[in-house]
Amino acid sequence: MPGPSVPKSVPRSLVWRRKLWEWFTGWLGLGMSCASSWLVTSGLKNLVGKPRPDVIARCIPDLSQIAKYAVTGVHNAPNGITLVSAGICTQPDAKLLDDGWRSWPSGHSSFSAAGLVYLSLFLASKLALTLPFLSPKHPDQSDTSYYSAFPSRLPSTSSNEERYASKYESSPRSAEPSNLDHRQIGARNQAASPPLYLLALAFIPTGAAMYIAASRYSDFRHHGFDILSGSFIGTVAAFAAFRYYHLPLSRGAGWRSEERRVGKE
């Protein structure tokens, strides 16, 4: 970014400033996503203190001291159920033991989703990956839902308007008034949908985040609800940070939007 479509008259210093700005905002969004996810997740961990699935293994309880540390229990059960305090634990590593009560929400799931889902959104934005939409109505009808998923890929001149006007001037519908900006004609009239390999490329970071979250369950470090909660927090943080620094994916501009801005400047 930007590519060869930038006019030669544009100073190279301006082009490099655009490149550096794009690089800068990309890192700002990533930092905001990870920081906000970490803040929310750590705060909930400290407030809730839910035990991990492996908390007993971390505790290494001294079963001979059950009566000493008993708090309450169900004595009418066949084998008896006794609730004991954490004093029964013989784990010498206080930090490892304390972490055993910080299961909800999953930090790995939250932080990985915050960073990697943001990366997927960033790639989708710069590769102009969005779902093309084409209204079934005639282009000369006044329909605000008839727009292009890739408006920046259309020429900025009025040639499109003239071409579509001449194309449909013989149509009986051409007499109908139209407020349509013909530069926004549906993307499928201009080019094919985004290539599948680009969709796969943008999904790779999100797939990695899903793998990290699943590993926390298979490693017996979190309950399923903890992992889903963490992934949700990270995903929301990623979308919020991306939207704060970048245009929505529905604009579908990609790198070329920056090229046009540079040219106008």
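Residues numbered from 1 in each chain as written. Predicted model: local features only at pLDDT ≥ 70, side-chain atom pairs only at ≥ 80, totals over all residues. Heavy atoms only, no water.

S.K.: Would you mind going over the pattern of salt bridges with me for this structure?
M.R.: For side chains bearing opposite charge, pairing can occur when the charged atoms are close. Inspection of the entire model under this criterion finds seven salt bridges. For Glu22, the salt bridge identified is with Lys126, shortest N-O distance 2.2 Å. Note that Glu22 is positioned in helix α1 (residues 12-48) and Lys126 in helix α5 (residues 107-126), a separation of 104 residues in sequence. Residue Glu22 is classed as buried on the basis of its relative accessible area of 7%. If you follow the salt bridges from partner to partner, you end up with Arg52, Asp54, Arg58, Asp99, Arg102 and Arg221 in one network. (Salt bridge = Lys/Arg side-chain N within 4 Å of Asp/Glu carboxyl O. Helix = DSSP H or I, 4+ residues; strand = E, 2+ residues; numbered from the N terminus. Buried < 20%, exposed > 50% of the residue type's maximum accessible area, 1.4 Å probe, protein only.)

S.K.: Explain the nonpolar core to me, please; I cannot follow it from the model alone.
M.R.: Side chains of a nonpolar character, in soluble globular proteins, are inclined to be buried together. With seven residues, the main nonpolar core is built from Ala113, Val117, Tyr118, Leu121, Phe122, Ala238 and Phe242. Breaking this core down by element, the ones donating at least two residues are α5 and α8 (224-245). For this core, the element with the most residues is α5, which contributes five residues. Among residues more than four places away in sequence, those in contact with Val117 are Ser112, Thr206, Thr235, Ala238 and Phe239. (Core = buried A, V, L, I, M, F, W, Y, C linked by side-chain atoms within 4.5 Å. Contact = heavy atoms within 4.5 Å.)

S.K.: Looking at this model, I keep getting lost on the confidence of the model for the chain. Mind explaining?
M.R.: Residues shown with low pLDDT carry predicted positions that ought not to be read at fine detail. Put simply, the chain has an average pLDDT of 76, and 66% of its residues get 70 or more. Highest mean pLDDT in the chain belongs to α8 (96); lowest belongs to helix α9 (residues 254-264) (44). Under a pLDDT of 50 for its full length, residues 167-175 has, in the predicted model, 10 contacts with residues more than four places off or in other chains. In the predicted structure, residues 183-191 sits below a pLDDT of 50 and forms 36 contacts with residues beyond four places in sequence or in another chain. (pLDDT = per-residue confidence, 0-100.)

S.K.: Please clarify how the packing of α1 against α5 should be interpreted in this entry.
M.R.: Each pair of packed helices gets described by two things: the angle between the helix axes and the distance between those axes. Viewed as axis vectors pointing N to C, α1 and α5 meet at an angle of 155 degrees, and their least axial separation amounts to 9 Å. Here α1 is positioned roughly antiparallel relative to α5, judged by the angle of their axes. In this structure, α1 meets α5 at a crossing whose hand is right-handed. Contact residues: α1 offers Glu22, Thr25, Gly26, Gly29, Leu30, Ser33, Cys34, Ser37, Trp38, Thr41 and Lys45, while α5 offers Gly107, Ser110, Phe111, Ala114, Gly115, Tyr118, Phe122 and Lys126. Grouping the amino acids of the contact of α1 with α5 by side-chain chemistry returns seven nonpolar, nine polar and three charged. (Axes fitted to C-alpha atoms, helices over the stretch in contact; angles between N-to-C directions. Parallel < 35°, antiparallel > 145°, perpendicular 65-115°, else oblique. Left-handed = near helix turned anticlockwise from the far one by under 90°. Nonpolar A, V, L, I, M, F, W, Y, C, P; charged D, E, K, R; others polar.)

S.K.: Looking at this structure, I do not really get the packing of aromatic side chains. What am I missing?
M.R.: For any two aromatic rings, the description comes down to two numbers: the centre-to-centre distance and the angle of the planes. Using the criterion set out here, one finds five aromatic pairs in the structure. Summarising the aromatic geometry, the rings of Tyr118 and Phe242 are spaced 6.3 Å apart at their centres and angled 70 degrees between planes, so their arrangement reads as edge-to-face. A residue pair is termed long-range when its members are at least 10 positions apart, and Tyr118 in helix α5 and Phe242 in helix α8 qualify at 124 residues. A relative accessible area of 3% places Tyr118 in the buried class. The exposure class of Phe242 is buried, given its relative accessible area of 4%. For the pair Tyr244 and Tyr245, a centre-to-centre distance of 5.0 Å together with 75 degrees between the ring planes defines the contact as edge-to-face. In this arrangement the basic side chain of Lys19 is found over the ring face of Trp16, its NZ or CZ atom lying 4.2 Å from the centre. (Phe/Tyr/Trp six-rings, centres within 6.5 Å; stacked < 30°, edge-to-face > 60°. Lys NZ or Arg CZ within 6 Å of the ring centre and 35° of its normal.)

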